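# Architecture and fold: a report
Each chain, written out:
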Amino acid sequence: MRASHFAFFMNLPTLLCLGLVLAYPIGYAAYLSVHRVGLAQLRRGEFPFNGWENYGRVLEDPLFWVALKNTLVFTFITVSSEIVLAVLIALLINQSSIWTSRVTRFLILLPYAIPPIANGLIWAFLYSFQFGFLNRILFTAGLIDNPINWAGNPDTALYAVTVPYVWRTLPFAIILVHAALQGIPRELYEQSAIDGANAWHRFWHITLPMLRQIIAIILILRTAFAFAVFEEILAITQGGPGDATWVAAWYSYKITFAPPNNFGMGSASAYILALMIGAIALVYMRFVYRRVTL
Amino acid sequence: MRTKSPTTRLLLHVANLAVIFFILLPVAAVFIGSIQSEKALQADTRRLLPLEFTLDNFTVILSKGEQKGRIFEQVTYLPDNIKSFYAAFSNSAIVAVSVTFLTLLFGSLSAYTIARQRFRWTLFLLQANIVARFVPVIVLMIPLYVVMRSLGQLNSLGGVIIAETGFLLPYAILILAPYFDTIPTELEEAARIDGCTRLGAFVSIVLPLATPALAACGVIIFIISWHELLIPLILNARPDFMTLPVVIASLVGDVHVFFNLMMAICLLALAPTVILVALLQKYIVEGLAAGAVKG
Amino acid sequence: MSNDLIGKWELSRRRVLGTAAGLGLAGLSGAAFGQQSGPLSVAPKSKVDRLNFVVWTYGDIYTRIAKQFETDWGVKVDSTISSFNDHPTKLATMFAAGEKIDVSQSSPFSFPNFVNQGLAEPIDDLPGAADYIKDFTPFTKQVATIKGKTMGLPYFSAVWVWNYYADMLEKLKIDKPFASYDEFIEHCVKAKKDGVSRYPILWIAGVGLEQLPGTWYQMTWNKGGAFFDKQGNHMLGAGSVARETLKWWANTFEKGLDIADPESLKVQFTSGAKAFGAGKNLYRGPNHHYGLNICNDPAQSPIAGKVKVHGSPGEGKTIGVTHVYFLSSANRDKEWAWKLLQYLGGRTKDGNYTQAVSLAKDAMLGSGYLSVMNSDAVKLGWAPWGDVPAILKIWDQAAYIGEVCSSVYQPWHFPWTDQLNIEVQKCLTGQITADQCCDNLIKGIADAKRKV
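Predicted model only: the values in this text are computed from it and were never measured.

### Description of the overall build of chain C
Within chain C one finds 21 helices and 12 strands. Compactness check: chain C gives a C-alpha radius of gyration of 22 Å against a globular reference of 22 Å for 452 residues, within 12% of the reference. For chain C, the spread of C-alpha atoms along the three principal axes comes to 70 × 60 × 35 Å. Burial statistics for chain C: of 452 residues in total, 58% are counted as buried. Counting contacts in chain C only where the partners sit at least 6 residues apart, residues at least 24 apart contribute 74% of the total.

### What to know about the nonpolar core
With 334 residues, the main nonpolar core has L121 of chain A, I248 and C266 of chain B together with L340 of chain C as its most contacted residues. With 17 residues, helix α8 (residues 157-182) of chain B is the single largest residue contributor to this core.

### Some remarks on the domain arrangement of chain B
Residues and elements named next belong to chain B. Splitting chain B by domain gives domain 1 (6-81) and domain 2 (84-293). Domain 1 and domain 2 are separated by 31 Å when their C-alpha centres are compared. Each side of the interface is counted separately: domain 1 has 17 residues, and domain 2 has 19 residues. Of all the secondary structure elements, the ones that give two or more residues to the side of domain 1 that touches domain 2 are α1 (6-34), α2 (38-43) and α3 (56-62).

### Digging into the interface of chain C and chain A
Listed as interface residues are 31 residues of chain C and, on the opposing side, 25 residues of chain A. Looking at the side of chain C that touches chain A residue by residue, the class counts come to 14 nonpolar, 10 polar and 7 charged.

### Structural notes on helix α14 (residues 334-345) of chain C
Residues and elements named next belong to chain C. Compared with the 16 Å implied by 1.5 Å per residue over 12 residues, the 16 Å span of α14 between its first and last C-alpha is a close match. Counting buried residues in α14 gives 10 out of 12 residues, a clear majority hidden from the surface. Of all the residues in α14, the buried ones are W336, A337, W338, K339, L340, L341, Q342, Y343, L344 and G345.

### A closer look at unusual backbone geometry
Residues and elements named next belong to chain C. If you check the backbone angles, K147 has positive phi at about 50° while not being a glycine. Its location among the elements puts K147 in the loop between β5 (145-146) and β6 (149-150). Taking the number of C-beta atoms within 10 Å as the measure of exposure, K147 has 10 and is therefore exposed. Positioned with a positive phi, D258 is a non-glycine residue whose angle comes to about 55°. Tracing the sequence through the fold places D258 in the loop between α11 (241-250) and α12 (269-276).

### Observations concerning the domain arrangement of chain C
All names here are of chain C. Partitioning chain C into domains gives domain 1 (3-158 + 320-394) and domain 2 (159-319 + 407-451). Summarising the inter-unit geometry, the C-alpha centres of domain 1 and domain 2 are found 29 Å apart. Taken together, the contact pairs 22 residues of domain 1 with 25 residues of domain 2. Where the side of domain 1 that touches domain 2 is concerned, the elements lending two or more residues are α1 (3-27), α5 (111-116), β11 (318-328) and α18 (388-396). Its residues assigned to classes, the side of domain 1 that touches domain 2 shows 14 nonpolar, 6 polar and 2 charged.

### Topic: the packing of helix α3 (residues 61-73) of chain C against α14 of chain C
Residues and elements named next belong to chain C. Where α3 contacts α14, the two axes come as close as 10 Å, and the packing angle between them is 135°. Here α14 runs oblique to α3, going by the angle between their axes. Every pair of crossing elements has a handedness; the one defined by α3 and α14 is right-handed. When α3 is examined against α14, the residues I65, Q68, F69 and W73 are found in contact with a partner set consisting of K339, L340, Y343 and L344. Looking at the contact of α3 with α14, its residues break down into 6 nonpolar, 1 polar and 1 charged.

### What about the interface of chain A and chain B?
Chain A puts 86 residues into the contact, and the matching count from chain B is 83 residues. Sorting elements by how many residues they give to the side of chain A that touches chain B places helix α1 (residues 3-33) of chain A first, with 19 residues. Tallied by class, the residues present in the side of chain A that touches chain B amount to 69 nonpolar, 15 polar and 2 charged.

### Here we look at the environment of Y353 of chain C
Mapped onto the elements of the fold, Y353 of chain C is located in the loop between α14 and α15 (354-363). Here Y353 of chain C falls in the buried class, since 27 other C-beta atoms lie within 10 Å of it.

### As for the pairing of strand β7 (residues 153-165) of chain C
Residue and element names in this part refer to chain C. Across the 13 residues that make up β7, a large majority, 13, are buried. As paired strands, β7 and β11 are joined by 6 bridges and run antiparallel to one another. Bridge assignment links V159 to a residue of β11, and that residue is G320. Two elements, β7 and strand β9 (residues 283-288), share 4 bridges in a ladder whose sense is antiparallel. By the bridge assignment, V161 is partnered in β9 with N287.

### Here's the deal with helix α14 (residues 259-279) of chain B
Under the 1.5 Å per step criterion, the end-to-end length of α14 of chain B is 30 Å for 21 residues, consistent within 8% with the ideal 30 Å. Considering bend angle alone, the principal kink of α14 of chain B is centred on A271 of chain B and spans about 35°; proline P272 of chain B follows within four residues of it.

### Describing the packing of helix α4 (residues 62-93) of chain A against helix α8 (residues 157-182) of chain A
Residue and element names in this part refer to chain A. Where α4 contacts α8, the two axes come as close as 7 Å, and the packing angle between them is 40°. Relative to α8, α4 is oriented oblique. For the element pair α4 and α8, the recorded crossing hand is right-handed. By residue class, the composition of the contact of α4 with α8 is 19 nonpolar, 6 polar and 1 charged.

Scoring rules and cut-offs
Every chain's residues receive numbers from 1 upward, in the order its sequence appears when written. As a convention, the first chain written is A and the first ligand written is 1, with the rest following in written order. Only residues with pLDDT of at least 70 get local features here, since the model is predicted, and only at 80 or more are side-chain atom pairs given and counted; chain-wide, interface and lining totals rely on the full set of residues. In DSSP terms, a helix is any run of H or I states spanning at least four residues, a strand is any run of E spanning at least two, and both are numbered starting from the N terminus. With C-alpha atoms as the basis for the radius of gyration, the globule rule is written as 2.2 Å multiplied by the number of residues raised to the power 0.38. Using C-beta atoms placed from the backbone, we call a residue buried if 20 or more other C-beta atoms fall within 10 Å of its own, exposed if 12 or fewer do, and partly exposed for counts in between. It is the C-beta atoms, placed from the backbone, that decide contacts: two residues are in contact if theirs lie within 7 Å. As used here, a nonpolar core is made of buried Ala, Val, Leu, Ile, Met, Phe, Trp, Tyr and Cys residues. They are joined through C-beta atoms within 7 Å. Residue ranges labeled as domains rest on an automatic or database domain assignment. Classification convention: Asp, Glu, Lys, Arg as charged; Ala, Val, Leu, Ile, Met, Phe, Trp, Tyr, Cys, Pro as nonpolar; all other residues, Gly among them, as polar. Expected span, for any helix, means 1.5 Å times one less than how many residues it has. Inter-axis angles, ranging from 0 to 180 degrees, are taken between N-to-C directions of lines fitted to C-alpha atoms, where helices are fitted over the stretch in contact. Roughly parallel means an angle under 35 degrees; roughly antiparallel means over 145; roughly perpendicular covers 65 to 115; every other angle is labelled oblique. Each crossing gets its handedness from the near helix: less than a right angle anticlockwise from the far helix is left-handed, clockwise is right-handed. Think of it this way: DSSP has to see at least two bridges between two strands before they count as a pair. Two axes are fitted around each residue, one to the seven residues ending there and one to the seven starting there, and the angle between them is reported as the bend at that residue.

Below, the structure written as structure tokens:
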């Protein structure tokens, strides 16, 4: 069989799946976003075209801008803390001469194993004002007198939701940084030790530059995913209190699936989110693809 | 490495303990939450460990609501979905296994062509997969629903399996393609000279050599599928087709919420993947690293 | 509470329920209403192999009633059950995708929306409907009648009441619960000052269609105000009762008197009842009356038996709702769907209001039928958890929410309520003033209309 035919048949199942599940729906969502689509229209199958009206309504909605702002704040906090923590913890578990480091290393993938929705619920329990586990720990340790309202206080709610998200996604970043650390040649460290450099110097001038690429990759990937955060919001705050934790994905979900079920407008808002993430994906492509020689 | 001073060692131990505490915090919470009754939770809101332990939460779930135990005896409004735990568990298992199998199958076929045959369009496929990874599920939900409906695959496991396979294929391809690329071509070339077909060479030579990558990829796909919420949530409305995350999510909005019951079911839901991760850590680490570094 | 006392409580409750069951069945047998046969026991001529309903979860009542239907008629019944907040979503998605739905349900807040979107069918002309309609309570009539047509049968009814923790009142040496809002503040401030309760008042202020909004609606109505006038103009302007009520309400939170439990912002009706059961609060703000079923359940609540019902100040004006079941326009077979609808919201083959009675006895829910409300199912069935005459007296003074907030009938009410929840929570936590909140909501009416 000719090479090109072979390649085609081998890829057929993949192409079908991707087409059915990704390509077509993305196109269809774009189609929906420029039509007026409510429940009755969806059932009848006739959608009147209404141009940019859905997008206009979304961009005019103050709640959308609040959601966008919250999403950006959330993303910034989670991604930056993830990177800092990942580097620090990767260095920590790299210390194989310390036995507690080996314990940590064994446990490091545990957060990755927890389903996001279950994680959200567990943290909802931790954060509960009256019954919460976190407050109980702090009481028992004598650190506080009165219960703290972690997720119910509009000033702290958004920050409170970042913690379970970082907890869950940190292992991924740690693994990557740790793998990258293994790739740094020992000679560099030994040379600088001979030159009399201290630990901080070694870190800042050798380790960190060598980690630049992996940090960039983590930055881009995690930013794209953090933009679409949903499960934690659903489980812990449902957007509240007030609008403190309304994020972009939650906005699309509510517009589409809560009455009066404006599928067109929901598709439009989801599309705006997808386009923003798409821009990040393009950055990723140019950055990684340049270096990838596959 | 130079030896460290005792202070440094101590600091590192402390740092490790802090990290271990952070990692174990939710696990401790879910465990302690699931072995007490709601009443015990409310009776003393400052105690760390409950006054009385009970396994009733688990009994209720595992006996499909038949045996209510002491704490739920009078309760009339036990969430109905609790009773379908076994069904949800098996649904999750069926979906995850099928998705893993299909993704590995289709993914390895594609990854092979991408690695070995450098046509313009296979490279384009690779790029498309890289970008496809970024698509948020939220934008796909309505169209996906309509597509599945016209195929008659709503309220069936088949629809969820197809959807998740499509969604996860990019991940698989991005882990497998670079790995295939590292396998030297001489062995296949030798086999082809001996009269083996391309496909034959692929199956008998490349696949066995790629077992570590397949294992790594498989475990990761399984875990992601087990955890998936939005796709089964939208596609399956009936309790007999719900997966575990959907059942858990349905408890969130439940007006009659029982924290302890929720913790119990969360514990049961996370057990399989935790065990999997504990046993197959090595593979997961390799898979994650491979999938990201090379894009 | 000692085990001995709990034991006695449970025994007496069982005995009461047992008697109630006996009385209930006897009291509601066909003989009392003069109809044994008739439309109820006749099967439709057409044949269906299955039916379905789309509802939100409530224990196992649906498994039971589905089984009964199958036993009585030999037709399999599928149920699509989601959580309460997810239900409109589930229904919308299924309807949009062209699925067959025979019967579904709705809260009064979503109902006008569903009817507007064409999801429900009128039932006036169906056999036996007229008798049901005659038996509707006033609430039910107001919810189920849209544009002159009857669109549904009742699921359950509830009125808004206050709760108080009797033991704490005793400890504070206060004789009676508050009779005016000023007295209310006095009691709470005293409780806080004396160190008896850090947060004497637990409000129902969690996000929802009738949770947070319900509290605001109820208190505004009780003080003599409303949200929209008969012409549909808003009544949220400066100096309005609604605005002043909100100001007063926000003042109980942190930025004011700080007597309101922060948990208020998270609790819905049932979770509020559970939170109250921890015994940390003196009063529980306006809530569905059946919360007492939880607060006074010895297996659920550490303070069971100590929570009492209390009416609202002044004339005791309060609000109530009826949730309904409706016949979906996407049904397979109208006659069979009507049969199924009756099992959920009307009479079963044996002529009894089976579902309504068991909900009253087991979960302290009110019914949309006068006959059930006047029967022993309520009078005796509710007794273990609260003072039935007191609750029924409150019931008499309850108006349907539609009178307080007529936007309920408009399709834009839903997105407007989303905004209401957000703005009011911001106000209660002191991020914006009550004036700003109301002004935003006035502007929000136009925004909501655009989202439709």
